Amino acid sequence: MIKKVSFLIIISLVVSFPTYSQDLYINEFMASNSITIADPDFGEYSDWLEIYNAGDSTINLYGYYLTDDLSDKTKWKINENINLETDDFVLFWADDRNQGKHTNFKLSKSGEEIGLYSADGIAIDEITYGEQITDKSYGRYPDGSDNWYIFVETTPENFNSTDGVENILPDPTFSIDGGFYSVPQILTLSSSIDSTEIYFTLDGSPPTKSDSLYSEVITIPENCVIRAKSFKDNYLPSSTITNTFFIDEDIILPVVSLVTNPDNFFDDEIGIYVEGTNGISGYCTTEPRNWNQDWERPISIEFFEKDKNLGFKIDAGVKIGGGCSRLYNQKSLSFYIRRKYGEAKLHYQLFPQKKIHEFNNFMLRSSAQDWYRSMFRSGMIQEVVKRGLEIDYREYRPTIVFLNGEYWGIHNLREKMNEHYLEENFGVDPDKVDMIKGQYLINGNKTHYNNLFSFINNNDMSTNSNYNYVKTLIDINQYIDYQIAEIYIANLDWPANNMKMWRPQTSDGKWRWLFFDLDLSFGGNSQGNYDSNILEQATATDGPNWPNPPWSTLLFRKLLENENFKNEFIQRFAVHINTTFDSTTVVNIIDSLATDIAPEIPRHKIRWENSISYDGGLWSNNIETMRKFARKRPAFARQHIIDKFGLSGAASLKITNENSTGGKVIIHNSEISENNCELILFKNVPVKIEAKCNPGYRFTGWQGVMNDSCGSISFLLTSDSEITVTFAKDTLQSTNIVINEINYNSSSVFETGDWIELYNNTDEHINIAEWVFKDDDNGHSFVFPNDTYINARKYLVLCRDTTAFQYYNPNIKNIIGDCDFGLSGSGELIRLYDNEMNIIDSLTYDDNSPWPVKADGNGFTLELNNPNYDNSLSKNWFANSLYGSPGKINTVYSKVNENIISTNFQLSQNYPNPFNTTTTISYSLEKESKVNLKIYNIQGREVKTLVSDTQLAGTKTLIWNGKDNQKREVSSGIYFYVLQIEGKIESKKMVLLK
């Protein structure tokens, strides 16, 4: 007789509401199906629910409704004539496919609702259930009764007759952990529950009672996978515990052990890695192949870092990835972290170079078309372009994979570029993005896309007003960089293929392009070589369906009609040939990445004989092909541009920075940080160059091909030329410690806790011992401990939780905490006092416009665009960098910002500041101007008019004595001096202490 399920198992009981004519019942369901039963139509392990007819007559279900939301009773309509006879069952698959017996919803493992309704919307059966157990069904016993149980064995489309369970067995204990050992090991298995039987397997399959019963120690003489599971009568079996043991393995790369039932990969009916007998055509073959199916199979993943320590272990789903490379013997694998397998996300920093600690998906890529050549071409290209171009790239990390204990060769660990990639990299809502691949919608909707291309197609892009409108729809700088990258690397398999664009579904969301699948570039194909004219391919008006039909080149062709776009594309391309694609730099990257995987190439080649078979089958030849491309491509790329646009040739521009400590040069969106460099640029195309000061310095001028005191200049290059930029110390600097960055509401995927960053805006080391930080609540105070220094021009981060902060920012050392209070997520007043309780800095931030709203829980921080600017004004704060820039120069400051380099005047920080009796204020004019300079208090009321007159160009200096317009002494506090010239306003903060 069935035994009632105990409350130890059920988190919340199912509640059933029998209504209407109670002949039909939701009789059994499984909300987390990983290996129990695959649907016959698509071969997937999907959620399912069973309907039972307990009545005396046959019922036709056509027109009835099923739902997982009782407030939406008609969510999914049964559109088949299903005649359900008495005492019979029918199964529906809750997989979101919306066809046949497949509903348009899935079931939640964590609990939700299921409803069955008649054709006229009357409730037949409604249930609410709680947390479910993977691969265990929940159902009625006897069938159609009010009694609900968890079943040890499921009975889809059959009578519920299996015994229920009293409790769940704990997982079996391994005497040693999986991992790397130099000599053979001895393993024992045990359970904390008496009379428990432990069954184990060595082939990767989950143990059942038909497998080996553990009775004595297990000797592990060589690499092997051991999976164990505990069983006992009247208990729900334990989870399957997986451990991989490596004996005497000398591998210098990270290792990934994949463990799954061999049938999931190699069975003719359900295997995803084989031709099989249950496949479909596609992906470069007209023959049906299992590997073309969109099947997901359960898999256990163990990830070991280079030092052989376990990084993470997780159960997940796996699918075959890639396109035509599915035909190759070694295949790419895509992994899906889902709640049905255990965890909803992978909590681990997969890529040391990216501050991302949570993943929904990732890939182990076979290197696709490059499988025959280098095994790292696409990863190498991404490594090159990310250093200089604004590219939405995916990280690369080589690994060695073992499948069920068998060596499976080199695989490239990569991010999977879907909506979750956008969430992890850009902080956008994954449910609110539009994504297009080629011309096809893969996420969101196409309305914005269709409007963009309709406008492009039907309007003259040579007109700047039309071009400016398009710039509100696409991220033009990112698009230019994307086009440069694809053209330079000679991507043969583009632009019709391997093209994805995306935008957040916000009012100001702009389209950006994803950079991926680059295997047929950089010499990876005879038509993607160093002399290939991909610029012509990208602008052709009559190309074939592959790789460049007219629709795929339309946007670029039309934008090139605009003189501003064309000139920026041409000259920016020239800059990147010199910088990002510098031959010596690229060859060094190639050699470095090749060195990483070189020790594994012989073993990989033995495992996959057809891999690395081009260029005589010598891996070194394939590497030399990439080196050759790096050396020869610059000359061909330049000539292609000259020919395409009818240019008069190229000339060199030597750029000298006499004080690189003081600042950098920006040329066409690229930073030049060296003291001396020489660029080959195109003649008679505008060169745009800008000066960017570092904190504590000011720009003083250009000399050479142009002599100018304007921070941003443009000129034509007609011959080889030189230009020198100069920066000088800004002697009138604040003596303040400045609140420079604020993190008041972390992203859920990067939960560092609240923190603020202080910046020492002086040339002196400052001891802030016993200084006090406060928020809006006067009861909240953090007192800085003794001997707390902020060095000159350096930073200190004050953390609510130093442990959480360092977990996500392990390389940031200049931190202090823990602060026993946090920051308000809706904005508040924050203040910094010295050790005598004199106020040093104060501001009130907000989470509403005009303050940057991206900082409110979206992964961004508030960054002050210049530490000399008034940080109480929202206009001086930005939220441009995902996860911020704690402990280092702000990203908004390190980029070109029109507020930093004024073309008309420059306002310096008063000195001294704080001051007691008098302070000096200085500003410079580039031309004769009408000047207004006034002092305001913290409430915004005017205190003193210092200047209201027309003044000649030059540097002006005046002194304020702390008195107002009526010559009265003003009180201690924070004041602002505001300079207004020809409608432009600049302000700074100062502190009066008496």
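Quantities reported herein were computed from a predicted structural model and do not represent experimental measurements. (Residues numbered from 1 in each chain as written. Predicted model: local features only at pLDDT ≥ 70, side-chain atom pairs only at ≥ 80, totals over all residues. Heavy atoms only, no water.)

Caption draft 1: How the structure looks around the overall build of the protein chain. The helix and strand inventory of the protein chain stands at 14 helices and 63 strands. Compactness check: the protein chain gives a C-alpha radius of gyration of 33 Å against a globular reference of 30 Å for 994 residues, within 12% of the reference. Considered along the principal axes of its C-alpha atoms, the protein chain spans approximately 100 × 70 × 65 Å. Per-residue burial over the protein chain gives 58% buried out of 994 residues. (Helix = DSSP H or I, 4+ residues; strand = E, 2+ residues; numbered from the N terminus. Rg over C-alpha atoms; globule rule 2.2 N^0.38 Å. Buried < 20%, exposed > 50% of the residue type's maximum accessible area, 1.4 Å probe, protein only.)

Caption draft 2: Representation of the confidence of the model for the protein chain. Mean pLDDT over the protein chain stands at 92; residues scoring 70 or higher make up 95%. Note on residues 1-13: pLDDT under 50 across the span, and 36 contacts to partners over four residues away in sequence or across chains. Across residues 896-903, where pLDDT falls below 50, the model places 24 contacts with residues more than four positions away in sequence or in other chains. (pLDDT = per-residue confidence, 0-100. Contact = heavy atoms within 4.5 Å.)

Caption draft 3: Representation of the state of the cysteines in the model. Under the counting rule described, the total for this entry stands at 1 disulfide. Here cysteine 284 pairs with cysteine 324 through a disulfide, and the sulfurs are 1.6 Å apart. Taking the sign of the S-S torsion, 45 degrees for the link of cysteine 284 and cysteine 324, the bridge is right-handed. Residue cysteine 284 is found in the loop between α1 (262-266) and β25 (297-304), and its partner cysteine 324 is found in the loop between β26 (310-321) and β27 (332-336); the two are separated by 40 residues along the sequence. The exposure class assigned to cysteine 284 is exposed, which follows from its relative accessible area of 54%. Sulfur of cysteine 677: no disulfide; nearest cysteine sulfur belongs to cysteine 693 and is 18 Å away. (Disulfide = S-S within 2.5 Å.)

Caption draft 4: Structural context of the packing of aromatic side chains. One pass over the full model with this rule turns up 63 aromatic pairs. Their ring planes at 70 degrees and their centres at 5.1 Å tell us that tryptophan 371 and tyrosine 372 sit as a pair that is edge-to-face. Using a relative accessible area of 1% as the deciding quantity, one classes tryptophan 371 as buried. Look at tyrosine 807 and tyrosine 808: their rings are 4.8 Å apart centre to centre, the planes differ by 90 degrees, and that puts the pair in the edge-to-face class. (Phe/Tyr/Trp six-rings, centres within 6.5 Å; stacked < 30°, edge-to-face > 60°.)

Caption draft 5: Layout of the packing of helix α2 (residues 377-385) against helix α10 (residues 583-597). Contact geometry for α2 and α10: axes closest at 10 Å, N-to-C directions at 135 degrees. The angle between α2 and α10 falls in the class oblique. The hand of the α2/α10 crossing is right-handed. On the side of α2, the interface is formed by Met380, Glu383 and Val384, while α10 contributes Val586, Ile589, Ile590 and Leu593. When its residues are assigned to classes, the contact of α2 with α10 shows 6 nonpolar, no polar and 1 charged. (Axes fitted to C-alpha atoms, helices over the stretch in contact; angles between N-to-C directions. Parallel < 35°, antiparallel > 145°, perpendicular 65-115°, else oblique. Left-handed = near helix turned anticlockwise from the far one by under 90°. Nonpolar A, V, L, I, M, F, W, Y, C, P; charged D, E, K, R; others polar.)

Caption draft 6: Inspection of the pairing of strand β54 (residues 839-844) at higher detail. Two strands pair when backbone bridges link them, and strand β53 (residues 829-833) and β54 are joined in this way by 5 bridges, in the antiparallel orientation. Looking at β54, one finds that tyrosine 833 is bridged to isoleucine 839. (Pairing = 2+ DSSP bridges.)

Caption draft 7: Broad picture of α2. Counting buried positions along α2 gives 9 out of 9 residues, so the element sits mostly inside the fold. Every buried residue of α2 is accounted for by Arg377, Ser378, Gly379, Met380, Ile381, Gln382, Glu383, Val384 and Val385. Its buried side turned inward, α2 meets β30 (361-365), β31 (396-403), β32 (406-414), α6 (476-488), α10 and α12 (619-645).

Caption draft 8: Quick peek at the sheet that holds strand β56 (residues 877-878). Strand order across the open sheet formed by 6 strands is β52-β51-β46-β45-β55-β56, with mixed pairing between neighbours. Each edge of the open sheet carries a strand with a single partner, namely β52 (815-816) and β56. Across 2 bridges, strand β55 (residues 862-864) lies against β56 in antiparallel orientation. Paired with glutamate 863 across the bridge in β56 is phenylalanine 878.

Caption draft 9: Highlighting the pairing of strand β59 (residues 929-937). Burial along β59 is one-sided: the face carrying Ser929, Val931, Leu933, Ile935 and Asn937 is buried and the face carrying Lys930, Asn932, Lys934 and Tyr936 is not. With 7 bridges joining them, β59 and strand β62 (residues 973-981) adopt antiparallel strand pairing. Each bridged residue has a counterpart across the sheet, and for asparagine 937 the counterpart in β62 is tyrosine 975.

Caption draft 10: Representation of the environment of isoleucine 484. Structurally, the position occupied by isoleucine 484 is in helix α6. In this structure isoleucine 484 comes out as buried when scored by relative accessible area, which is 0%. Between the alpha carbons of isoleucine 484 and leucine 535 there is a distance of 9.1 Å; along the sequence they are 51 residues apart. Residue contacts for isoleucine 484: discarding those within four places in its chain leaves Leu389, Phe569, Arg572, Phe573, His576 and Phe581.

Caption draft 11: Quick peek at the side chain of lysine 386. Within the secondary structure, lysine 386 sits in the loop between α2 and β31. A distance of 3.1 Å separates the side chain of lysine 386 from the side chain of glutamate 383, its partner in a polar contact. Apart from the residues within four sequence positions on either side, lysine 386 is in contact with Gln353, Tyr393 and Glu395. (Polar contact = N/O pair within 3.5 Å; in protein donor to acceptor, adjacent residues only side chain to side chain.)

Caption draft 12: Layout of the environment of serine 71. Topologically, serine 71 is positioned in the loop between β5 (65-67) and β6 (76-77). What makes serine 71 exposed here is its relative accessible area of 66%. Between the C-alpha atoms of serine 71 and methionine 30, which are 41 residues apart in sequence, the distance is 22 Å. For serine 71, the side chain forms a polar contact with the side chain of aspartate 69, separated by 2.7 Å.

Caption draft 13: Quick peek at the sheet that holds strand β40 (residues 676-682). In spatial order, the strands read β40-β37-β44-β42; together these 4 strands make up an open sheet with mixed pairing. At either end of the open sheet lies a strand with only one pairing partner, and these are β40 and β42 (697-704). Each strand of the sheet is rotated relative to its neighbour by a mean of 25 degrees, with strand direction disregarded. Pairing of strand β37 (residues 650-657) with β40, which is carried by 7 bridges, proceeds in the antiparallel orientation. Residue pairing in the sheet places lysine 654 in a bridge with glutamate 678 of β40.

Caption draft 14: Structural detail: the pattern of salt bridges. Overall, the coordinates contain 39 salt bridges when judged by the stated rule. In this structure, the salt-bridge partner of lysine 566 is glutamate 563, at a minimum N-O distance of 3.5 Å. Remark: glutamate 563 and lysine 566 occur in helix α9 (residues 563-578); sequence separation between them is 3 residues, near one turn of the helix. Residue glutamate 563 is classed as partly exposed on the basis of its relative accessible area, which comes to 44%. If you follow the salt bridges from partner to partner, you end up with Arg365, Arg394, Asp517 and Asp519 in one network. (Salt bridge = Lys/Arg side-chain N within 4 Å of Asp/Glu carboxyl O.)

Caption draft 15: Layout of the side chain of glutamate 415. Along the polypeptide, glutamate 415 turns up in the loop between β32 and α3 (419-426). Since its relative accessible area comes to 2%, glutamate 415 is described here as buried. From its side chain, glutamate 415 meets the backbone nitrogen of glutamate 395 in a polar contact 2.7 Å long. Not counting the four nearest positions on each side in its chain, glutamate 415 is found in contact with Phe351, Lys354, Ile356, Phe359, Met363, Tyr393, Arg394, Glu395, Tyr421 and Asn425.

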